[in-house]
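Summary of the model geometry
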Amino acid sequence: MADIDTLKAQVKKLNAKATQAKMDLHDLSEDLPTGWEKILDVARTAHDAHAALVAARQSLAEAQGVAS
């Protein structure tokens, strides 16, 4: 059960990180063309955050024995 609790905490943390990355991307898009040179970095950060979140959710589902 501790492993599942650890995975739940990880998912929660990664969800917050992914949400912040999404908001950063949204904010950047609203300010365009100002800050255009940051597009690739901000997009990569958002992509990586969401990829990590999806992987963590998959691990949690597998640990709970749920097919995803």
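In this report, we go over the structure that sits alongside the text. (Residues numbered from 1 in each chain as written. Predicted model: local features only at pLDDT ≥ 70, side-chain atom pairs only at ≥ 80, totals over all residues. Heavy atoms only, no water.)

1. Comments concerning the overall build of the protein chain
If you tally the helices and strands in the protein chain, you get two helices and zero strands. Its C-alpha radius of gyration of 15 Å places the protein chain more than 25% over the 11 Å reference for a compact globule of 68 residues. Dimensions of the protein chain along its principal axes, counting C-alpha atoms only, are 50 × 20 × 15 Å. Here the protein chain holds 68 residues, and the buried ones make up 22% of them. Here the contacts in the protein chain between residues at least 6 apart in sequence split such that 68% fall between residues at least 24 apart. Counting every atom, the protein chain has about 5100 Å² of accessible surface; 59% of that belongs to carbon and sulfur. Of note, the protein chain has its 8 positive side-chain charges centred 6 Å away from the centre of its 10 negative side-chain charges. (Helix = DSSP H or I, 4+ residues; strand = E, 2+ residues; numbered from the N terminus. Rg over C-alpha atoms; globule rule 2.2 N^0.38 Å. Buried < 20%, exposed > 50% of the residue type's maximum accessible area, 1.4 Å probe, protein only. Contact = heavy atoms within 4.5 Å. Areas by Shrake-Rupley, 256 points an atom, 1.4 Å probe, with all protein chains shown as cover. Lys, Arg positive; Asp, Glu negative; His and termini not counted. Charge placed at Lys NZ, Arg CZ, Asp CG, Glu CD.)

2. Quick notes on the environment of Thr19
Tracing the backbone through its elements, the reader meets Thr19 in helix α1 (residues 2-31). A C-alpha to C-alpha distance of 8.5 Å links Thr19 and Ala46, two positions 27 residues apart in sequence.

3. Some words on unusual backbone geometry
Of the consecutive residues Leu32 and Pro33, the connecting peptide bond is found in the cis state with omega at 10°. Within the element layout of this structure, Pro33 appears in the loop between α1 and α2 (39-63).

4. Things to note about the packing of α1 against α2
The angle between the axes and the distance between the axes are what describe a pair of packed helices. Between α1 and α2, the least distance of the axes is 8 Å, while the angle of their chain directions is 155°. Relative to α2, the element α1 lies roughly antiparallel. When you trace α1 past α2, the crossing you get is left-handed. Residues that form the contact of α1 with α2 fall into these classes: 18 nonpolar, five polar and five charged. (Axes fitted to C-alpha atoms, helices over the stretch in contact; angles between N-to-C directions. Parallel < 35°, antiparallel > 145°, perpendicular 65-115°, else oblique. Left-handed = near helix turned anticlockwise from the far one by under 90°. Nonpolar A, V, L, I, M, F, W, Y, C, P; charged D, E, K, R; others polar.)

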